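Here's the letter readout for the chains.
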Amino acid sequence: MEQLIECVPNFSEGVDMHIINQITDEVESVEGVKLLNVDPGKATNRTVVTFVGNPNAVIEAAFRAIRKAGELIDMAKHKGEHPRMGATDVCPLIPISNITMEETAKYAQLLAKRVGENLAIPIYLYEEAQSDKKRSNLSVIRNGEYEGFFKKIKLPEWKPDFGPQEFDAKRGATVIGARDFLVAYNVNLNTTSTRRANSIAFDVREAGRVMREGNPITGKIVNAADGKPKFIPGSLKSVKAIGWYIEEYGVAQISMNLTNINVTPVHIAFDEVCNKAIERGIRVTGSELVGLVPLKAMLDAGKYFLQKQKRSIGVSEKELIKIAVKSMGLDELAPFKPEERIIEYLLKKPEDSKLVAMDLVAFADETASESPAPGGGSISAYVGSLGISLATMVANLSSHKKGWDDRWEEFSNWAEKGQVIKDQLMKLVDADTAAFNKIMTAFGLPKSTEEEKKLRTQTIQDATKFAIEIPFKVMELSFESMEVIKAMAQEGNPNSVTDAGVGALCARSAVMGAFMNVRINAAGYDDKKFVNDIVAKGKLIEQKTTVREAEILRIVNEKIGL
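Given the structure is predicted, the values throughout are model-derived calculations rather than measurements. (Residues numbered from 1 in each chain as written. Predicted model: local features only at pLDDT ≥ 70, side-chain atom pairs only at ≥ 80, totals over all residues. Heavy atoms only, no water.)

S.K.: What is the right way to look at the packing of aromatic side chains in this model?
M.R.: With the rule as written, the count across this model stands at 11 aromatic pairs. Centroid distance F150 to F167: 4.7 Å. Interplanar angle 75°. Geometry classified as edge-to-face. Of this pair, F150 sits in helix α5 (residues 145–152) while F167 sits in the loop between α5 and β7 (174–178), and the two are 17 residues apart along the sequence. Take F167: its relative accessible area is 10%, and that puts it in the buried class. Taken together, a centroid distance of 5.5 Å and an interplanar angle of 15° make the contact between W404 and F411 stacked. The positively charged end of K438 is found above the aromatic ring belonging to F466, 4.2 Å away from the centroid. Directly above the aromatic system of F530 lies the positively charged group of K465, at a separation of 5.2 Å from the ring centroid. (Phe/Tyr/Trp six-rings, centres within 6.5 Å; stacked < 30°, edge-to-face > 60°. Helix = DSSP H or I, 4+ residues; strand = E, 2+ residues; numbered from the N terminus. Buried < 20%, exposed > 50% of the residue type's maximum accessible area, 1.4 Å probe, protein only. Lys NZ or Arg CZ within 6 Å of the ring centre and 35° of its normal.)

S.K.: Help me understand the layout of surface pockets, please; the structure alone is not making it clear to me.
M.R.: In this approach a probe as big as a water molecule rolls over the atoms, and the regions it shows empty are the leftover space. For the second largest pocket, the calculated volume is near 1400 Å³. Along the wall of the second largest pocket there are 34 residues; nearest its centre are E317, Y345, K348, D423 and K427. Elements represented by at least two residues in the lining of the second largest pocket include exactly α8 (295–308), α9 (317–328), α10 (338–341), α11 (343–347) and α14 (408–443). Take the lining of the second largest pocket: its biggest share by element is 10 residues, from α14. Looking at the lining of the second largest pocket residue by residue, the classes come out as 16 nonpolar, 5 polar and 13 charged. (1 Å grid on protein atoms, 1.4 Å probe; cavity = no way out; pocket = protein on both sides within 12 Å on 5 of 7 lines; lining within 4 Å. Points joined across faces, edges and corners; volume = space filled by probe spheres on them. Nonpolar A, V, L, I, M, F, W, Y, C, P; charged D, E, K, R; others polar.)

S.K.: Where do I start with helix α3 (residues 101–119) in this structure?
M.R.: The α-helix winds at 3.6 residues per turn, so residues separated by three or four positions along the chain end up facing the same way. Between its first and last C-alpha, α3 extends 26 Å over 19 residues, near the 27 Å set by a 1.5 Å rise per residue. Listed as buried for α3 are M101, T104, A105, Y107, A108, L111, A112, V115, G116 and L119. Down the axis, α3 shows its buried residues gathered within 165° of arc, on one side only. Relative to its buried face, α3 has exposed residues pointing more than 90 degrees away, namely E102, K106, L110, E117 and N118. (Expected span 1.5 Å × (residues − 1). Arc of directions from axis to C-beta.)

What follows is the structure, given as structure tokens:
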């Protein structure tokens, strides 16, 4: 599988789109790289660019972008709220798939060496690419900013890792490194006071604030035995934060870097800032994400805010994202478009969801056309998804049923399980058609030479195995869905018991239909041990499904009573 890394360079220009476009044009000029997001900020005079690709392509794109930024941006004239030290201020590489952090760090070092030597820009390594942990923290490296680096760079301990030990007045210096996924996140306040915003930032950031005697602002600094100031830790781990005033919006913000969203997720950071702001007589009015965010962060936030309301979290992905956006006010300053801000959505290939993206009429028309796909396999997956969708609906209705308030979590858990199965089956609608197309493509390969024949035969076998595994997965998931369906027939809102019954019929049809596809595709696969094994498993699932369907229909018929 292809290795993918993400690159998120920050350029010290957020106003002139002509300059920004020339820089991003350099990124897009490299084959193997996809530009995901360009997020300019006028008040910070800074643009965060996000692109992804194979490591060598990303390194080439980053080099070209850094070179172009150095040509176009004059740091001697730069003004902006965000700390900065160079035309390309920071350029992190982030491992995305099939690549380790150690490998990513080596690519960061290769990029740093190339930029330092070929472009003569002072380069500092940071985070995982920096072996000297005394200078691996970005804020420590950048301390003093552009204005202070003319002197700082001359100090022996601040000799650049690559490039000249002379500060470039026009291009400044650049920090290049490798790190985990970082979420840049700003929370908006109903104040214009930078000092008060900073107080809240010190309350929450991990580093906290300097300890003082008496008055926390003007009191004498308390030093430790080594003579260094003592600090009072903030309330949030893996969070860096400062307060600033954004003239463009006319409000102060808490600007945060969430360096590990598994430790402090976005929604926890938001709520904690809200709590600390209220303690200081300040209100949070909304927030904004800078650059991209992982899908999980948005889904977790949606579930968090629903749980606080004691509402079912077993709702669609789209609904969870909507709840997250509204709860944190992510659309206060500008529209929040999930398709442009969530990294998985930007990486998604159109062919991965061609069928499920259709409306009902278009899907039926496509199925009825002379094209052999989508066929029975895709329809089985879709029917299975409809079956579990009905059970999930019953769970959500039951969770919100009047008089059942003490059972909301019980039904929420069932609904969440149903949503997971539904989403997996929906993906298999397109996957089954893709499997069929792989077989057709394989049969179309050339067979003039012995080598071509051998390659064609192997490709056909690989595609056939894939075409067996997809409908078998539909069988497994559809049978699994019957656990939820049965629970909803037994325990769910009695007014919706027939919906659970129809769900059972759908699940059974999905299992039977998918098994037909397993068997017909298995007939063309040479590994008979694999074939015998999967067909035996399929027969067992088919038998269990028939028994489970009968159990559910008996429950439904007893409750109907007619």
